[in-house]
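Here are the chains, one letter per residue:
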Amino acid sequence: MSQPVPVPRVVADTPLDATIEGLLRGRVEVVALDSVRPEGSAPVEADGLYTYGHPTIDGALLDRIKGVKVISNYGVGVDHIRLADAEARGIPVGNTPGVLESTTADLGLALLLASARRIVEGDRYARSPEFVRYDPGYMLGREVHGKTLGIIGMGQIGARVARRAIAFEMTVLYHNRHRRKEVEAALAPSIAHAGLDDLLARSDYVMLCTPLTDETRGLIGEQTLALMKPSATLINIARGAVVDTEALARALLDGRIAAAALDVTDPEPLPRDHPLLTLPQVVITPHLGSATAETRRRMAEVSVENLMAGLRGEPLVHPVTR
Ligand code: DGY
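Every chain is numbered on its own, with residues counted from 1 as its sequence reads. The predicted origin of the model limits local features to residues at a pLDDT of at least 70 and limits the giving and counting of side-chain atom pairs to 80 or more, whereas totals for whole chains, interfaces and linings rest on all residues. Where side-chain values are given, they derive from all heavy atoms of the structure, hydrogens and water being excluded.

### Describing the site of the ligand
In step 1: Neighbouring residues are identified by heavy atoms, a residue being near a molecule or strand if any of them is within 4 Å of it. If you check the shell around the ligand, you find H54, Y74, G75, V76, G77, L100, R239, H287 and S290 and nothing else.
In step 2: G77 places a main-chain nitrogen or oxygen 2.8 Å from an oxygen atom of the ligand.
In step 3: N or O atoms within 3.5 Å of each other form a polar contact, as long as, within protein, one can give a hydrogen and the other can take it, and as long as residues adjacent in sequence are counted only when both atoms are side-chain atoms. Contact distances for the ligand include 2.7 Å between an oxygen atom and a side-chain N or O atom of H287.
In step 4: The accessible surface values rely on the Shrake-Rupley method and a 1.4 Å probe; as for residues, cover is taken only from the protein chains in view. Isolated, the ligand exposes 230 Å² of accessible area, and the fraction of that covered by the protein chains is 87%.
In step 5: The class makeup of the residues in the shell around the ligand is three nonpolar, five polar and one charged. Three categories are distinguished: nonpolar for Ala, Val, Leu, Ile, Met, Phe, Trp, Tyr, Cys and Pro, charged for Asp, Glu, Lys and Arg, and polar for the others, with Gly belonging to the last.

If you want it as structure tokens, here you go:
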């Protein structure tokens, strides 16, 4: 009689979203990451690792999970995974590019517009007892059309933000490690490459669309904020740690920049008593860049495809390269 094929064991930060659970049901046995993490507990055996809510994965953890053949991440950003540690152990890492860039760019524009036109403040006011009469003099915002958007990071998301901003009659400056001539050609004459300092000095809105790397960590801090116009708005749809949070809070409190719209923060979430949470000129969302039902579904599918391919010992559909 043939032996039953063992179901692969996959360590994951739980609870997982219901769609992912559905895609994994019957195909893998999920082991909670929390049961593996405590220092000093016995190493466990598992075939794969699935990261859902950005848990930190480093060599010390990997050494305590024996037999891992693949790390599959739900999402495109893998700054929470020490890629060098995975590589040193011969473990491929997969992510989910190609399914979330437009959705994230949509949120970037939504934040820009919400901040410029004071949508969140307006919503609060319209619901409050203070709203008793229309007054053409209240809640004046900042114009969007005709203004300059500086995009830092011209990858798949940055390029989509640029296209949307140009549709809103904005001019785009961008800064990127490498010039993106094909994006410039497609969006000419409304886009131009700029050095970082130049972009910061000339932009009315600055949007961060870059991955978090050693190079971009703390990129927006005391010195770079000082280059921005006092009327400028900073929008972050990248990772919180691209910005020095305390420097940003000081710049906003001192009126050295006008406003900020943040989908990501460092730390995330911010302490509940953090000054940034008290400022009316700050719009803040809880890391919603790719949060639509359709996009989350596609992210689940791609991440599970990566996981299953790795468990079978096959190349990943979307391997992360360093
Ligand atoms: C991403 O794709 O990196 C988003 O932050 C969701 O994880």
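Structure shown, so let's carry the discussion forward.
### Considering the domain arrangement of the protein chain
In step 1: Split into domains, the protein chain comes out as domain 1 (9–99 + 294–311) and domain 2 (101–284).
In step 2: Centre-to-centre separation of domain 1 and domain 2, based on C-alpha positions: 32 Å.
In step 3: Counting from both sides, the interface comprises eight residues of domain 1 and, opposite them, four residues of domain 2.
In step 4: Across the domain 1/domain 2 interface, buried area totals approximately 510 Å², and carbon plus sulfur atoms make up 38% of it.
In step 5: When the buried surface of domain 1 facing domain 2 is broken down by residue, H54, D79 and T295 rank first, second and third, together holding 63% of it.
In step 6: Each salt bridge in this description consists of a side-chain nitrogen of Lys or Arg and a carboxyl oxygen of Asp or Glu lying within 4 Å of one another. Between domain 1 and domain 2 we count one salt bridge in total.
In step 7: Note that D79 and R239 form a salt bridge whose closest N and O atoms lie 2.9 Å from each other. Each domain span listed reflects an automatic or database assignment of domains. We call two residues in contact whenever any of their non-hydrogen atoms come within 4.5 Å of each other. Using a 1.4 Å probe, buried area is obtained as the accessible area two parts lose upon being combined, added over both of them.

### Observations concerning the nonpolar core
In step 1: Residues Y50, L149, I151 and V161 are the most contacted members of the largest nonpolar core, which totals 49 residues.
In step 2: We count a stretch as a helix when DSSP gives it H or I for four or more residues in a row; a strand needs E for two or more, and each element gets its number in order from the N terminus. Ranked by the residues each element gives to this core, the list is headed by helix α11 (residues 293–311), at eight residues.
In step 3: Apart from the residues lying within four places of it in its own chain, the contact partners of V161 are A105, L109, L149, I151, M207, C209 and I237.
In step 4: In this description, a nonpolar core means a group of buried Ala, Val, Leu, Ile, Met, Phe, Trp, Tyr and Cys residues linked to one another through side-chain atoms lying within 4.5 Å. Relative accessibility under 20% of the residue-type maximum defines a buried residue, over 50% an exposed one, and the middle range a partly exposed one, all with a 1.4 Å probe and only protein chains included. One finds I220, L252, A260 and L270 within the second-largest nonpolar core, a separate group that totals 30 residues.

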